[in-house]
Amino acid sequence: YDLETIPFNDTNTFAELDAHICSSDARNKKGFTDMRPYFIFCIEVDTTKFYGDGFRKAKEVVDQIGHEVLLSHIAMYKDFPIV
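Residues numbered from 1 in each chain as written. Predicted model: local features only at pLDDT ≥ 70, side-chain atom pairs only at ≥ 80, totals over all residues. Heavy atoms only, no water.

### Considering a nonpolar patch on the surface
- On the surface, Met35, Tyr38, Phe41 and Val45 cluster together to form a nonpolar patch covering roughly 420 Å² of accessible area.
- Looking at the element boundaries, Tyr38 is found in helix H2 (residues 36–45).
- Given a relative accessible area of 51%, Tyr38 falls into the exposed group. (Patch = residues over 30% accessible without salt bridge, like charges linked within 9 Å, V, L, I, M, F, W, Y side chains within 5 Å. Areas by Shrake-Rupley, 256 points an atom, 1.4 Å probe, with all protein chains shown as cover. Salt bridge = Lys/Arg side-chain N within 4 Å of Asp/Glu carboxyl O. Helix = DSSP H or I, 4+ residues; strand = E, 2+ residues; numbered from the N terminus. Buried < 20%, exposed > 50% of the residue type's maximum accessible area, 1.4 Å probe, protein only.)

Okay, here's the thing in structure tokens:
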């Protein structure tokens, strides 16, 4: 995907979403497992507009239509889909 076509606020949202997905997926792998639950918690409870609210909005959409479909829609239409 051409990140230059994705609005800046949405790139911040995706950074949080992808960090959450990676941390959640890696939860049972060896490494810094003691920090992953805290990191996931911080993302989930963040109250800022772009990181917290944006993450929750993106996660809700991803849970319904999937990550790749969401990225494609934003790259094409420059906005989140209505689901």
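### Topic: the nonpolar core
- Counting twelve residues, the largest nonpolar core consists of Phe14, Leu17, Ala19, Ile43, Phe55, Ala58, Val61, Val62, Leu70, Leu71, Ile74 and Phe80.
- Of all the secondary-structure elements, those providing two or more residues to this core are helix H1 (8–25), helix H3 (49–65) and helix H4 (67–77).
- Ranked by residues supplied to this core, first place goes to H3 with four residues. (Core = buried A, V, L, I, M, F, W, Y, C linked by side-chain atoms within 4.5 Å.)

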